[in-house]
Amino acid sequence: MPRRIVLRRDDPSPEGGDLTIDYRGELNEQQAAAATAKGGPVLIVAGAGTGKTRTLVYRVAYLVETGVRPEQITLLTFTRRAAREMLTRASALLDGRCQRVRGGTFHAFCLTILRRHAQAIGFKERFTILDSADAADVVDILRTNSGYHKGEKRFPRKKTLYTMFSAERNRDQPLEQVVETQYPQFIPYMDALHDLATQYDQYKRQHSLMDFDDLLLRTLELFQQHDDIRQQVATRCRHVLVDEYQDTNRLQAELVRHFGSVHGNVTVVGDDAQSIYRFRGADFRNIFDFPEQFENTQVLKLEENYRSTQAILDLANHLITQAQRSFDKELVAASGEEGDTPAVVPATDARDEARFVAQMIHDLREGGTPLNDMAVLFRSSFNSYDVEVELNRKNIPYVKYGGMKLSEAAHIKDVLAHLKVLENPADAASWNRVLQLLHGIGPKTAGDLIDWITSDAEDPFTLKERFYSGRYVEALKELFNLLRRLRTEELPLIAQVEAVVEYYEPICKDTYYEDFPKRLQDLEHFVGLAENASNRSDFLASLALDPIELSAMEAEPAQDDEPPLVLSTIHSAKGLEFSNVFIIHALEGVLPSQYAVKDPEAVDEELRLLYVAITRAKDDLFISYPMLQYRRYQGEHMARPSRFIEDVPEDLLEPVRLVEEGAASADLPENNHQALPGSSDTGSSDESAQSNDNLPF
DNA sequence: AGAAGGTCGTTTTTT
DNA sequence: ACGACCTTCT
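What comes next concerns the included structure.

Rules of the game
- Sequence order as written defines residue numbering, which begins from 1 separately in each chain.
- Just so you know, chain letters begin at A and ligand numbers begin at 1, following the order they were written in.
- pLDDT decides what is reported in this predicted model: residues at 70 or higher carry local features, side-chain atom pairs at 80 or more are listed and counted, and totals for whole chains, interfaces and linings draw on all residues regardless.
- Side-chain metrics rest on all non-hydrogen atoms present in the structure, leaving aside hydrogens and water.
- The rule for a salt bridge is simple: a side-chain nitrogen of Lys or Arg has to be within 4 Å of a carboxyl oxygen of Asp or Glu.
- Relative accessibility thresholds used throughout: buried, under 20% of the residue-type maximum; exposed, over 50%; partly exposed, between the two (1.4 Å probe, protein chains only).
- Helix and strand definitions here come from DSSP, where helices need a minimum of 4 consecutive H or I residues and strands a minimum of 2 consecutive E residues; each element is numbered from the N-terminal end.
- Two strands pair if DSSP finds at least two bridges between them.
- Here the term right-handed applies to a crossover when the path leading from its first strand over the helix to its second strand runs clockwise, the strands being oriented away from the viewer.
- All axes here are fitted lines through C-alpha atoms, helices being fitted over the stretch that makes contact, and every angle between N-to-C directions spans 0 to 180 degrees.
- An angle below 35 degrees is treated as roughly parallel, one above 145 as roughly antiparallel, one from 65 to 115 as roughly perpendicular, and anything else as oblique.
- Whether a crossing is left-handed or right-handed is set by the direction in which the near helix is turned from the far one by less than a right angle, anticlockwise for left-handed and clockwise for right-handed.
- Any two residues having at least one pair of non-hydrogen atoms within 4.5 Å are treated as being in contact.
- Proximity is defined per residue: if any heavy atom of the residue lies within 4 Å of a molecule or strand, that residue is considered near it.
- Nonpolar core, defined: a set of buried Ala, Val, Leu, Ile, Met, Phe, Trp, Tyr and Cys residues in which side-chain atoms within 4.5 Å join the residues together.
- Stacked, edge-to-face and tilted labels apply to pairs of Phe, Tyr and Trp rings (six-membered ring for Trp) whose centres lie within 6.5 Å, assigned for plane angles under 30 degrees, over 60, and everything in between, in that order.
- Either the NZ atom of lysine or the CZ atom of arginine qualifies as a charge over a ring when it sits within 6 Å of the ring centre and within 35 degrees of the ring normal.
- Sulfur atoms of two cysteines make up a disulfide when they are within 2.5 Å.

1. Observations concerning the pattern of salt bridges
Stage number 1. Taken as a whole and judged by the stated rule, the model has 49 salt bridges.
Stage number 2. In this structure, Asp 211 engages Lys 204 in a salt bridge whose closest nitrogen and oxygen atoms are separated by 3.2 Å. For the pair shown, Asp 211 and Lys 204 are each scored as buried.
Stage number 3. The residue Glu 605 makes a salt bridge to Arg 608 at a minimum N-O spacing of 2.9 Å. Residue Glu 605 and its partner Arg 608 are located together in helix H25 (residues 600-614), separated by three residues, close to a single helical turn.
Stage number 4. Given the relative accessible area of 6%, Glu 605 is considered buried.

2. Regarding the pairing of strand E3 (residues 102-105)
Stage number 1. Of the pairings in the sheet, the one linking strand E2 (residues 73-77) to E3 comprises four bridges and is parallel in character. By the bridge assignment, Thr 77 is partnered in E3 with Thr 105.
Stage number 2. With respect to chirality, the unit in which E2 leads through helix H4 (residues 80-93) into the neighbouring parallel E3 is right-handed.

3. Section: the packing of helix H8 (residues 175-182) against helix H9 (residues 190-206)
Stage number 1. Running from N to C, H8 and H9 cross one another at 130°; their axes reach a closest spacing of 11 Å. Put simply, H8 runs oblique to H9. Considering only the axes of H8 and H9, their crossing is right-handed. Side by side, H8 and H9 meet where Leu 175, Glu 176 and Val 179 of the first sit next to Met 190, Leu 193, His 194 and Ala 197 of the second.

4. Side note on the protein's contact with DNA strand C
Stage number 1. The immediate surroundings of DNA strand C are formed by Arg 143, Arg 157 and Lys 158.
Stage number 2. A share of 100% of the atoms of DNA strand C within 4 Å of the protein falls on sugar and phosphate groups.

5. Section: the side chain of Arg 218
Stage number 1. Here Arg 218 lies in helix H10 (residues 212-225).
Stage number 2. Excluding anything up to four places from it in sequence, Arg 218 contacts Leu 114, Ile 121, Phe 123, Arg 169, Asp 201, Arg 205 and Met 210.

6. A closer look at the sheet that holds E3
Strand pairing in a sheet is mediated by backbone hydrogen bonds. Such pairs are either parallel or antiparallel.
Stage number 1. If you trace the six strands from one edge of the open sheet to the other, you get E3-E2-E6-E7-E1-E8, paired in parallel fashion. The sheet terminates laterally at E3 and strand E8 (298-302), the two strands that pair on one side only. Averaged over all pairs of adjacent strands, the angle between their axes in this sheet comes to 15°, without regard to strand direction.
Stage number 2. Strand direction decides the pairing type here: strand E1 (residues 42-46) and E8, joined by five bridges, are parallel. Residue pairing for E8: Val 45 is matched across the bridge by Lys 301.
Stage number 3. Packed on one face of the sheet, H4 meets E2 and E3 and runs near 135° to E2.

7. Quick notes on the nonpolar core
Stage number 1. Judged by nonpolar contacts, the single largest core of 78 residues is most densely connected at Leu 435 and Phe 526.
Stage number 2. If you tally residues by element for this core, the top one is helix H21 (residues 493-511), at nine residues.
Stage number 3. Discounting chain neighbours no more than four positions away, the residues touching Leu 435 are Ile 441, Ala 446, Leu 449, Ile 450, Ile 453, Leu 476 and Leu 479.
Stage number 4. Listed in part, the 48 residues of the second largest apolar core include Ala 323, Leu 331, Leu 377 and Ile 570.

8. Section: the environment of Leu 19
Stage number 1. The topology assignment puts Leu 19 in the segment before helix H1 (23-26).
Stage number 2. A C-alpha to C-alpha distance of 37 Å links Leu 19 and Leu 114, two positions 95 residues apart in sequence.
Stage number 3. Among all residues touching Leu 19, those that are not within four sequence positions of it are Tyr 62, Glu 65 and Thr 66.

9. Structural notes on the sheet that holds strand E12 (residues 374-378)
Stage number 1. The strand order across the open sheet built from seven strands is E13-E14-E12-E15-E16-E11-E19, with neighbouring strands paired in parallel fashion. Only two strands of the sheet have a single neighbouring strand rather than two, namely strand E13 (398-401) and strand E19 (654-655).
Stage number 2. As paired strands, strand E11 (residues 343-347) and E19 are joined by two bridges and run parallel to one another. Pairing of Ala 343 across the sheet is with Glu 654, part of E19.

10. Examining the packing of aromatic side chains
Given two aromatic rings, their pairing is described by the distance between the two centres and the angle made by the two planes.
Stage number 1. Summed over all chains, the structure comprises 19 aromatic pairs.
Stage number 2. Each ring, one from Phe 109 and one from Phe 259, has its centre 5.1 Å from the other, and the planes form 80°; the classification is edge-to-face. Of the two residues, Phe 109 sits in helix H5 (residues 106-117) while Phe 259 sits in helix H12 (residues 250-259), which places them 150 residues apart along the sequence. The same class applies to Phe 109 and to Phe 259, which are both buried.
Stage number 3. Centre to centre, the rings of Phe 123 and Phe 127 are 6.5 Å apart; their planes meet at 75°, and the pair counts as edge-to-face. The residues Phe 123 and Phe 127 share a single accessibility class, namely buried.
Stage number 4. What links up through ring pairs into an aromatic cluster is the set Tyr 23, Tyr 58 and Tyr 62.
Stage number 5. A cation over a ring is seen here: Arg 81 above Tyr 401, with NZ or CZ 4.5 Å from the ring centre.
Stage number 6. Directly above the ring of Phe 127 sits Arg 115, whose terminal nitrogen or CZ lies 4.4 Å from the centroid.

11. Brief notes about unusual backbone geometry
Stage number 1. With omega at 10°, the peptide bond leading from Leu 591 into Pro 592 counts as cis.
Stage number 2. Looking at the secondary structure, you find Pro 592 in the loop between strand E15 (578-583) and H25.
Stage number 3. Phi is positive for Glu 244, close to 55°, though the residue is something other than glycine.
Stage number 4. When you line up the elements, Glu 244 lands in the loop between strand E6 (239-242) and H12.
Stage number 5. Although it is not a glycine, His 585 adopts a positive phi angle of roughly 60°.

12. So, the state of the cysteines
Stage number 1. Applying the stated criterion across every chain, the model contains zero disulfides.
Stage number 2. Cys 237 supplies the cysteine sulfur nearest to Cys 110, a cysteine that is in no disulfide, at a spacing of 10 Å.

Below is the structure:
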């Protein structure tokens, strides 16, 4: 037993008189208590808009001010955007001293650990990351080779398989249970599914690949197998802070436990009413398990809402009572301001709904509201198509969050695959993509070539005297020349990317001839991105873990420096706030989603989703829906408004009627179906600035 | 083996 | 509207 010398913590002076920030002055009592809480486990239960982020920012500042070194603080957030914003704000409080706080998403933080210790669990240090499409492609290779799909009945598709495997890991449920509850139609294939899941794991190990789940799972594995590494990592986590704790799953909760296992200083912040990632294994209950996992947890609450008017909060409070499980929450506006009653706006069809939204936004912008202080929120990314068309027509610039990502576009993935092959020559998934781009090479040939390439770890980029087939040798030679040149010349990243793009352009032109110019433009943007990255490995990782919205590229950035309007899925709008919010497509089957309606727990989650959307609004809120909906084949269909807003009293949610310009605003029930909810002259007592009455159309 | 063309089934939310 | 999968042609 080696001799032990205990390192004392030099604890900062507890109530040091020399703090530069006046915490009690700048925060309310509850916030200040949370920000300056002593070490140990702390659970902050915070309602929407109660200054959760602000409190966390001040807590970071407080810790730094009281002597914790920034690099000993680990701040785990849901997105990188959130991490960046918090660190910028904390640094602003303390003239830059918080820059070196470590942080980011669970996945990104785990990646930094794994890069250092991957060998300990049998991965190459330069393993590459599979995004969900890549992962599905790997599964597809195994699926095709296995021949399981050749049976009589339908075998699950690649995406479904990957989703199943991912669910098993994220929910910590055996595959049987996932299949029985979610995919009963595939129960007969249970053995095949097990086999494929095992093969998938082996394949990734063999080729040094990790999917998103692996980043969390392998980190846990690392800690379990190597206690010294766990200790080393946890020692550097003097304080762990976790935002959005209600949306962590068991894996993440387990990781938090490990990170905090040396110092025990873990602060988590969350709101059970805003838990919206059940599909990823999050359970709003985990926030209540926290005190059980960490003894002597201090539980603190933030209750005053600083964001919204009381009228908006009244609606939110009312809606959340519809949940099966009750949330003991009653949001109260700190400002005491009542504000305008939120409006519900039925439109004839999606096009009229879009016209309404675009017109309102146009008028508000004319009236001085900055575009980026308004948002259009929706359940699924395609719900915004009509709005996008209208915005383009009116020349209103926007960014869309939650849509197609740059790195998901086929042509970008192609280029990325070349870079990944350079990074990790064992990355068979990328080889597969790279090789099949060549004429004359399909799945079979690619597979054979890959076996041969990846078996020669020494010199993977040299074409040996084998596999000659007239159809593709020339192309193959050209590819290998490129790779070998990039491999040996140690060019800066930007030059590598340029070389790959130059090589790829003709291929791109060939395969995507219809919209080649548009794709070429994306490729140029992509080259530009490489300029800001420090090295290839970081570049590839950040594209996978912090994907860039394709629409942010397309909408030429800042023509006139006016920050654009925000279009966002509700999921991606988490944590944000806007003075005016438009929630569109509030329809049965959309919100709640048609996939949720059978399961009461899933319906609850959809309700929480609406709750999150509503509580993004500071001043004005409009919920709209089309009365006619397009269905694939049958053309137009009657749509039902969302069950969540159907029976809301009119003093909480005021009906508004859209009237076509020129038409008499008298009541003409031009629709023979479901009456418009209430007529427009339900006499709201005062027609305040924002007329919620007949909107001229 | 691969390309090309036709048919059938599916369709959310994200790291 | 798209992708997966099957059939037929090169």
